[in-house]
Amino acid sequence: MQREKVLRLMDTIVKLLRRSAYANVRNVVRRVTPEDLAHMLTLMNKREQWQLFTLIEDDRLIAVIEELDPELGAELLTKLPLEHNLDILRKMSSDDATEILRVLPEDLAQTLLAHMADAESEEMSGLLSHDEDTAGGIMTTDFFALPQSATVREAIDALHEAEEAEMVFYLY
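Now for a look at the structure at hand. (Residues numbered from 1 in each chain as written. Predicted model: local features only at pLDDT ≥ 70, side-chain atom pairs only at ≥ 80, totals over all residues. Heavy atoms only, no water.)

## What about the overall build of the protein?
Point 1. Counting its regular elements, the protein contains 12 helices and 0 strands.
Point 2. Each helix and strand of the protein, ordered N terminal to C terminal, gives the series α-α-α-α-α-α-α-α-α-α-α-α.
Point 3. Expressed as a percentage of the 172 residues in the protein, the buried residues total 37%.
Point 4. Considering only contacts in the protein between residues 6 or more positions apart, those separated by 24 or more positions represent 63%.
Point 5. When the accessible surface of the protein is totalled, it reaches about 10,600 Å², and 51% of it is carbon and sulfur. (Helix = DSSP H or I, 4+ residues; strand = E, 2+ residues; numbered from the N terminus. Buried < 20%, exposed > 50% of the residue type's maximum accessible area, 1.4 Å probe, protein only. Contact = heavy atoms within 4.5 Å. Areas by Shrake-Rupley, 256 points an atom, 1.4 Å probe, with all protein chains shown as cover.)

Printed below as a string of structure tokens:
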């Protein structure tokens, strides 16, 4: 969305928030991309950020958090209940969730890791063990795989159906 449109839309959302027209905000938010919602959140004051953040449906909220700067995403997440944090982090891509865990207060990050299933916690801890400025610190453990016998049509169909596949550039 063009910058002017995003700013006008944000202005509309802020006005609706001030009037406590939350149902209207939810209707507007459903039509805005996660990237644009994340951009709006960075431009709002803390109170407006929190109000908007709580009105975004969870499935879209994850995409918005993944678009946010990790510090802002972590700041907003710390205001949510522990179980809600766990649910969101479990659904995020491992590299994005790790970025959030890096900037959370250490005691909260450790608590979240302790409450995750062993496999999830092990994966996140593995990524956290790398310095964030190294290849290991920015990598993801997620991958997209196809059987060797897949046809081109099957590969294309599988890519279209794979919602979790992020940035697949090559298939061998």
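Continuing now.
## Some remarks on the side chain of Gln-51
Point 1. Relative to the helices and strands, Gln-51 resides in helix H4 (residues 46-55).
Point 2. Gln-51 sits in the buried class, given a relative accessible area of 17%.
Point 3. Excluding anything up to four places from it in sequence, Gln-51 contacts Leu-17 and Tyr-22.

## Here's the deal with helix H1 (residues 3-18)
Point 1. Between its first and last C-alpha atoms H1 spans 22 Å; for 16 residues at 1.5 Å apiece the expected length is 22 Å, and the two agree.
Point 2. Among the residues of H1, Val-6, Leu-9, Met-10, Ile-13, Val-14, Leu-16 and Leu-17 are the ones counted as buried. Along the long axis of H1, the arc covered by the buried residues comes to 160°, so they all point the same way. With respect to the buried face of H1, the exposed residues turned more than 90 degrees away are Glu-4, Arg-8 and Arg-18.
Point 3. Here the buried face of H1 lies against helix H2 (22-29), helix H3 (34-43) and H4.
Point 4. Phi turns positive, to about 60°, at Ser-20, one or two residues after H1. (Expected span 1.5 Å × (residues − 1). Arc of directions from axis to C-beta.)

## Some words on the side chain of Arg-60
Point 1. Following the sequence through the fold, Arg-60 ends up in helix H5 (residues 58-67).
Point 2. Buried Arg-60, no salt bridge; nearest opposite-charge side chain is Glu-57, N-O distance 5.8 Å.
Point 3. A polar contact of 3.0 Å, which involves the side chain of Arg-60, links it to the backbone oxygen of Val-29.
Point 4. Setting aside residues up to four positions removed in sequence, Arg-60 forms contacts with Val-29, Arg-30, Val-32, Thr-33, Pro-34 and Leu-37. (Lys, Arg positive; Asp, Glu negative; His and termini not counted. Salt bridge = Lys/Arg side-chain N within 4 Å of Asp/Glu carboxyl O. Polar contact = N/O pair within 3.5 Å; in protein donor to acceptor, adjacent residues only side chain to side chain.)

## A few points about the nonpolar core
Point 1. Membership of the largest hydrophobic core comes to 44 residues, with the highest contact counts inside it found for Ile-13, Met-40 and Leu-52.
Point 2. With 7 residues, H1 is the single largest residue contributor to this core.
Point 3. In this structure, Met-40 is in contact with Val-6, Leu-9, Met-10, Ile-13 and Val-32, ignoring residues within four places of it in sequence. (Core = buried A, V, L, I, M, F, W, Y, C linked by side-chain atoms within 4.5 Å.)

## As for the packing of helix H7 (residues 82-91) against helix H9 (residues 106-115)
Point 1. Packing of H7 against H9 leaves a shortest axis separation of 10 Å and a crossing angle of 70°. Taken together, the axes of H7 and H9 lie roughly perpendicular to each other. The residues of H9 that touch H7, namely those facing Leu-82, Asn-85, Leu-86, Leu-89 and Arg-90, are Leu-108, Thr-111, Leu-112 and His-115. (Axes fitted to C-alpha atoms, helices over the stretch in contact; angles between N-to-C directions. Parallel < 35°, antiparallel > 145°, perpendicular 65-115°, else oblique.)

## Section: the pattern of salt bridges
Point 1. Applying the stated criterion to the full structure yields 6 salt bridges.
Point 2. When the shortest N-O distance is used, the salt bridge between Lys-15 and Asp-11 registers 3.2 Å. With Lys-15 and Asp-11 both in helix H1 and 4 residues apart, this pair spans about one turn of that helix.
Point 3. Classification of Lys-15 by relative accessible area gives partly exposed; the value is 42%.
Point 4. Put simply, Lys-46 and Glu-75 hold a salt bridge, and the shortest N to O gap is 3.0 Å. Of this pair, Lys-46 sits in helix H4 while Glu-75 is found in helix H6 (residues 70-77), placing the two residues 29 residues apart along the sequence.
Point 5. When its relative accessible area of 27% is taken as the criterion, Glu-75 is described as partly exposed.

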